[in-house]
Amino acid sequence: EYAVCVGAEYRDGLNTADDAINAYNVFDGIGFTSEFCIVPTYEYLGGTNPDGSDRLGSSILFLDGHGEYNHIRFESPNLSNTSTKTYTTGVSTKQETLENDYNTYVSIKSKDVSNSRLMVFSACYTAKEVSGEKNLTQYAVMRDVETAIGWREEIYEESSAVWNERFLDKLSEG
């Protein structure tokens, strides 16, 4: 079974890379074939595991970044090769979108996530209630993910890191 852990270092100072690496260490330690990515790209998120299954459909998917009710996003000035533009990618409930050469989101709708046991969207508003639309966590469960976790409100980096650490400790204990 695969566990995929994603974080990034943002231009605004947020750094979720350590959380992704910590999650990787926990999942690897409890027997998952684990990987982490701290400079995520559209190609990485939309790619496949070694067995050909969708990376977004891994048994465990841990995404830690910036969020809104319908997406989680990752930024990387390192990928844009310029100091004035930032490459943005992420996972969205919407159709795959290409806003321009620097902003592309993978649609969860386009991936087989039915074998996923746990998706953690560690980001602000990823479980926010919005009238008439499913948020990211609801949408994942609707697509047959067994369990999805997100946040209804804004969450600060330090609080998120503490929660993630406690949550991962409990998972590692069984």
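Residues numbered from 1 in each chain as written. Predicted model: local features only at pLDDT ≥ 70, side-chain atom pairs only at ≥ 80, totals over all residues. Heavy atoms only, no water.

### Focus: the nonpolar core
Next up, step 1: Counting residues in each nonpolar core, the largest one holds 25 residues, and the members touching the most others are Val6, Leu63, Ile72, Phe74, Met119 and Phe121.
Next up, step 2: Top contributing element to this core by residue count: helix H4 (residues 136–142), with 3 residues.
Next up, step 3: When near neighbours in sequence (up to four residues on either side) are disregarded, Leu63 contacts Val6, Ile72, Phe74, Val91, Val120, Phe121 and Ser122.
Next up, step 4: Cys5, Ala20, Ala23 and Phe167 belong to the second largest nonpolar core, which has 13 residues in total. (Core = buried A, V, L, I, M, F, W, Y, C linked by side-chain atoms within 4.5 Å. Buried < 20%, exposed > 50% of the residue type's maximum accessible area, 1.4 Å probe, protein only. Helix = DSSP H or I, 4+ residues; strand = E, 2+ residues; numbered from the N terminus. Contact = heavy atoms within 4.5 Å.)

### Observations concerning the environment of Cys5
Next up, step 1: Within the fold, Cys5 resides in strand S1 (residues 2–6).
Next up, step 2: Judged by its relative accessible area of 0%, Cys5 falls in the buried class.
Next up, step 3: Separated by 110 residues in the primary sequence, Cys5 and Asn115 have C-alpha atoms spaced 17 Å apart.
Next up, step 4: Sequence-distant contacts of Cys5, defined by excluding residues within four places in its chain, comprise Ala20, Ala23, Tyr24, Phe27, Glu35, Phe36, Cys37 and Phe62.

### With respect to helix H1 (residues 17–29)
Next up, step 1: For H1, which comprises 13 residues, the first-to-last C-alpha distance of 18 Å matches the rise-based estimate of 18 Å (1.5 Å per residue) to within 8%.
Next up, step 2: Tucked into the core, H1 has its buried residues touching S1, strand S2 (33–37), strand S3 (60–64) and helix H5 (157–173).
Next up, step 3: Phi turns positive, to about 105°, at Gly31, one or two residues after H1. (Expected span 1.5 Å × (residues − 1).)

### Side note on the pattern of salt bridges
Next up, step 1: Tallying each qualifying case throughout the model produces 6 salt bridges.
Next up, step 2: The shortest N-O distance in the salt bridge between Arg117 and Glu1 comes to 2.8 Å. Here Arg117, found in the loop between strand S8 (103–107) and strand S9 (118–122), pairs with Glu1, found in the segment before S1; they are 116 residues apart in sequence, far enough to count as distant.
Next up, step 3: With a relative accessible area of 40%, Arg117 lands in the partly exposed category.
Next up, step 4: A salt bridge links Glu173 to Lys170; its shortest N-O distance comes to 4.0 Å. (Salt bridge = Lys/Arg side-chain N within 4 Å of Asp/Glu carboxyl O.)

### Description of a negative patch on the surface
Next up, step 1: Judged by side-chain charge, Asp12, Asp18, Glu157 and Glu158 come together as a negatively charged surface patch.
Next up, step 2: Residue position: Asp12 is located in the loop between S1 and H1.
Next up, step 3: Here Asp12 falls in the exposed class, since its relative accessible area comes to 53%. (Patch = residues over 30% accessible without salt bridge, like charges linked within 9 Å, V, L, I, M, F, W, Y side chains within 5 Å. Areas by Shrake-Rupley, 256 points an atom, 1.4 Å probe, with all protein chains shown as cover. Lys, Arg positive; Asp, Glu negative; His and termini not counted. Charge placed at Lys NZ, Arg CZ, Asp CG, Glu CD.)

### Structural notes on the pairing of S1
Next up, step 1: Of all 5 residues that make up S1, 5 are buried, and the element is covered over most of its length.
Next up, step 2: The alternating pattern of S1 places Tyr2, Val4 and Val6 on one face and Ala3 and Cys5 on the opposite face, and all of these are buried.
Next up, step 3: Of the pairings in the sheet, the one linking S1 to S2 comprises 5 bridges and is parallel in character. Paired with Val4 across the two strands is Glu35, which belongs to S2. (Pairing = 2+ DSSP bridges.)

### Quick notes on unusual backbone geometry
Next up, step 1: Of note in this structure, Tyr125 is not a glycine but carries a positive phi near 65°.
Next up, step 2: Relative to the elements of secondary structure, Tyr125 occurs in the loop between S9 and H4.
Next up, step 3: In this model, Asp144 sits at a positive phi of 85°, which is unusual for a non-glycine residue.
Next up, step 4: By relative accessible area, Asp144 is classed as exposed at 52%.

### Description of the packing of H1 against H5
Next up, step 1: Put simply, H1 and H5 touch, their axes get as near as 10 Å, and they point 5° apart. In terms of orientation, H1 lies roughly parallel with respect to H5. Contacts between H1 and H5 pair Asp19, Asn22, Ala23, Val26 and Phe27 from the former with Ala161, Asn164, Leu168, Leu171 and Ser172 from the latter.
Next up, step 2: A breakdown of the residues in the contact of H1 with H5 according to their chemical character gives 6 nonpolar, 3 polar and 1 charged. (Axes fitted to C-alpha atoms, helices over the stretch in contact; angles between N-to-C directions. Parallel < 35°, antiparallel > 145°, perpendicular 65-115°, else oblique. Nonpolar A, V, L, I, M, F, W, Y, C, P; charged D, E, K, R; others polar.)

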